[in-house]
Amino acid sequence: MSDSIKRVAVIGSGYWGKNLVRNFHALGALAMVCDKNEAILGAFAEQYPGLETCMALADVLSNDAVDGVVIATPAETHYALAREVLLAGKHLFVEKPLVLDERQGRELIALAEEKKRILMVGHLLHYHPAFLRLKELAASGALGKINYIYSHRLNLGKIRREENILWSFAPHDISMILSLAGEMPDQVFAIGGNYLHKKIADVTTTHLNFPSGLKAHVFVSWLHPFKEQKLVLVGEKKMAVFDDTLPWAEKLALYPHEIRWEKNVPVPAKAAPEPVVLPESEPLRLECEHFLTCMATGRTPLTDGREGLRVLEVLNASQACLDGCKPAAAPAPAPAQDKAKDYFVHETAVVDAGATIGAGTKIWHFSHVLSGSTVGKRTNVGQNVVIGPDVSVGDGCKIQNNVSVYKGVTLEDDVFCGPSMVFTNIFNPRAHIPRMAELRETLVRKGATMGANCTIVCGNTVGRHAFVGAGSVVTHDVPDHALVVGNPARRIGWMCTCGEKLPVGLVCEKCGEAYEEGPFGLAPKA
């Protein structure tokens, strides 16, 4: 391999990540693979002898041989992981969508620019030879003025439960349409159907109206009898069809149909399709090569962070329409949303009788607070969170998406739980042996932060204002203000109350707070 080739680490090597691993390895650019599944890592080590593997993000970020990081984990983890990667000075490739929150997307774009690092989003079809040629034809005027675009992405499965069909299938299509349009829509309207789960859309149609007069729609479904992946452009001169389910030689075709006026009546004149010859190459291979080229040259990716943000804006506008267009006979809001309440519970969330929720707290989509649990004031509980039973959560906490706070776990005030981090409460569980009598308690002290995808093994205490790095596994008590990373987690430094890493002198360079070591870790100097 040439010394000029940049080297990457792939984080998340499951359903789609394994394809990224395969391509970067074939390009001679794969430095390491990071995943929480030891079996998957073992299989890669056998398949690719000499490949370095790890289970902790910190091991990736501390590896000087890694120039860029490729994130192929669930969407709700993208922001936390991406931010750490950019802060560490690595180039970044994030699978779609960039993030779920537009504010976070803008933050990552600004951070990449500040660090002078590449930020690329995995909108794969931008690198497909058929789409590249289609863009050339549209830009050259060969199709005439483009009046209408439609995209169908349909199949039976793969059905997801962490996201609806809009977020699962439509990002690629929206990305292609925005690229062809060269402008943002001024109107977005979406409708959907929920058939397998009353709160998760299985079928959606999104309609886009653009200032130039161009109109487009995106139809996606995972409840369709056959696979269809088709993009159609209707121009004044010609029509073009990109059908990704056809053999390579037939993927892109032009239809020189005409509309003739005979006695003031429009009459269609159909013509035979004209196949477009394309260079045959795997789109994912081209996408991976593009990321390596951008890292080596500083070139802005075709699908950079700003392009990813534009797609996110349309997705969020579509989702807002899906959420807002309720049928007239919609069920009454859950009792927890009574106007007399001084906290908010989303209509898809459940708060059991016997649970106590503090003023100003917000509980979001599909979350569940079980009986006997207490959630303090001004706490934000993200999507798909379970709390309880009999759990105490303090004031001002933030519990991000996909976290379960089990019985035996106590969170003091101002605790941050990153996306998909894990608590346990039984040390040696067996499915067939009841062991709740052997529950080991976990205490997270005031102001502590637990990064995305970290694991806190039960029976331990995370100290005040401690910081557990993303993907780390805590197997022992964490001292106050300690910064711990790895598996098992080990201390690599100290953190200020304000969230900055402390220098050797233990005086924060940002806020000026001074610390000294004590029996439980660090403490502010008297």
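Refer to the structure above for everything that follows.
Residues numbered from 1 in each chain as written. Predicted model: local features only at pLDDT ≥ 70, side-chain atom pairs only at ≥ 80, totals over all residues. Heavy atoms only, no water.

A. Broad picture of the packing of helix α6 (residues 129-140) against helix α7 (residues 165-181). One can describe the packing of α6 onto α7 by two numbers: an axis separation of 10 Å at closest approach and a directional angle of 25°. Relative to α7, the element α6 lies roughly parallel. As for how α6 packs across α7, the hand of that crossing is right-handed. Along the contact surface, α6 presents Phe131, Lys135 and Ala138, while α7 presents Met176, Ser179 and Leu180. (Axes fitted to C-alpha atoms, helices over the stretch in contact; angles between N-to-C directions. Helix = DSSP H or I, 4+ residues; strand = E, 2+ residues; numbered from the N terminus. Parallel < 35°, antiparallel > 145°, perpendicular 65-115°, else oblique. Left-handed = near helix turned anticlockwise from the far one by under 90°. Contact = heavy atoms within 4.5 Å.)

B. Representation of the environment of phenylalanine 226. Here phenylalanine 226 shows up in strand β11 (residues 223-235). Judged by its relative accessible area of 46%, phenylalanine 226 is partly exposed. Considering only alpha carbons, one finds phenylalanine 226 and lysine 263, 37 residues apart in sequence, at a separation of 42 Å. Among all residues touching phenylalanine 226, those that are not within four sequence positions of it are Leu154 and Asn155. (Buried < 20%, exposed > 50% of the residue type's maximum accessible area, 1.4 Å probe, protein only.)

C. Spatial organisation of the pairing of strand β5 (residues 91-95). Among the 5 residues that make up β5, 5 are buried, leaving the element largely enclosed by the rest of the structure. Judged by which residues are buried, β5 turns out to be covered on both faces: His91, Phe93 and Glu95 on one side and Leu92 and Val94 on the other are all buried. Alignment of β5 against strand β6 (residues 119-122), held across 4 bridges, turns out to be parallel. Across the sheet, residue leucine 92 finds its bridge partner in β6, namely leucine 119. This β-α-β element, β5 to helix α5 (residues 102-115) to β6, shows right-handed connectivity. (Pairing = 2+ DSSP bridges. Right-handed = clockwise from strand over helix to strand, strands pointing away.)

D. Seen up close, the sheet that holds strand β7 (residues 146-156). The strand order across the open sheet formed by 8 strands is β8-β9-β10-β7-β11-β12-β13-β16, and the pairing between neighbours is mixed. Only two strands of the sheet have a single partner each, and these edge strands are β8 (187-193) and β16 (274-275). Most of the contacts of α6 go to strand β13 (residues 252-255), to which it runs at about 30°, and overall it touches β11, β12 (239-243) and β13. Most of the contacts of helix α9 (residues 305-324) go to β8, to which it runs at about 55°, and overall it touches β8 and β9 (203-209).

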